[in-house]
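Working through the structure, step by step
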Amino acid sequence: MDAHARDISVRNRVSVNRQWMLELRDRISRLDRLLRIRKKLAEGLLPFDHPTTVVQAPSAGQRCTGCDRIAMPTNLVMACTVRYGHKFHLDADCYEVWQRLRRSYGQHA
Ligand SMILES: [Zn+2]
C-alpha cells in the first residue's frame, strides 16, 4: 500500500469513527433525557397532569425543566401550565418525551 492509499484508508476510518461517535452521543443524549424526565416525574418535579395551556415559542434563553439545559434561540420551547398554576418550560424534544411518559404512566397507574 503506498502512502496515498494508506492516507485515504486512515481518513476513511477516522470518518467512520466520527460518525459512530456522533450516533453514540445522540443515543446517550436521548437516553439521558428519558431518564431525567422519568426521575423528575417520579420525584414530583414534573407533573403527570395534562397541561391546561401550552404556548410554543422560540427560546428566550429559558432553562428546560426536562434536561436542565438552556434552550438555544433556534429551538422551540413549550411554556406549559398545569392545574394549580404550576408552570414550567420544556424544549420540543423533552416535551415529546414528557407527554409520552406521562401518558404511559397514567394508563398503568
Ligand atoms: Zn430539555
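Residues numbered from 1 in each chain as written. Predicted model: local features only at pLDDT ≥ 70, side-chain atom pairs only at ≥ 80, totals over all residues.

**Digging into the overall build of the chain**
The number of helices and strands found in the chain is two helices and three strands. Relative to the globule expectation of 13 Å for 109 residues, the C-alpha radius of gyration of the chain, 20 Å, shows a markedly less compact shape. Its C-alpha atoms put the chain at 70 × 35 × 15 Å along the principal axes. Relative to its full complement of 109 residues, the chain shows a buried share of 18%. When contacts within the chain are restricted to residue pairs at least 6 apart in sequence, long-range pairs at least 24 apart make up 56% of them. (Helix = DSSP H or I, 4+ residues; strand = E, 2+ residues; numbered from the N terminus. Rg over C-alpha atoms; globule rule 2.2 N^0.38 Å. Buried ≥ 20, exposed ≤ 12 C-beta atoms within 10 Å, placed from the backbone. Contact = placed C-beta atoms within 7 Å.)

**With respect to the sheet that holds strand β2 (residues 76–81)**
Strand order in the open sheet formed by three strands is β1-β2-β3, with antiparallel pairing between adjacent strands. Edge positions in the open sheet fall to β1 (53–58) and β3 (87–91), since each of these has one partner strand only. Neighbour to neighbour, the strand axes of the sheet diverge by 25° on average, direction disregarded. Strand direction decides the pairing type here: β2 and β3, joined by five bridges, are antiparallel. Across the sheet, residue Ala79 finds its bridge partner in β3, namely His89. (Pairing = 2+ DSSP bridges. Axes fitted to C-alpha atoms, helices over the stretch in contact; angles between N-to-C directions.)

**Here we look at the nonpolar core**
One finds Cys64, Met78, Leu90, Cys94, Tyr95 and Trp98 to be the most contacted residues of the largest nonpolar core, which totals 13 residues. When near neighbours in sequence (up to four residues on either side) are disregarded, Cys94 contacts Arg33, Ile37, Cys64, Gly66 and Cys67. (Core = buried A, V, L, I, M, F, W, Y, C linked by C-beta atoms within 7 Å.)

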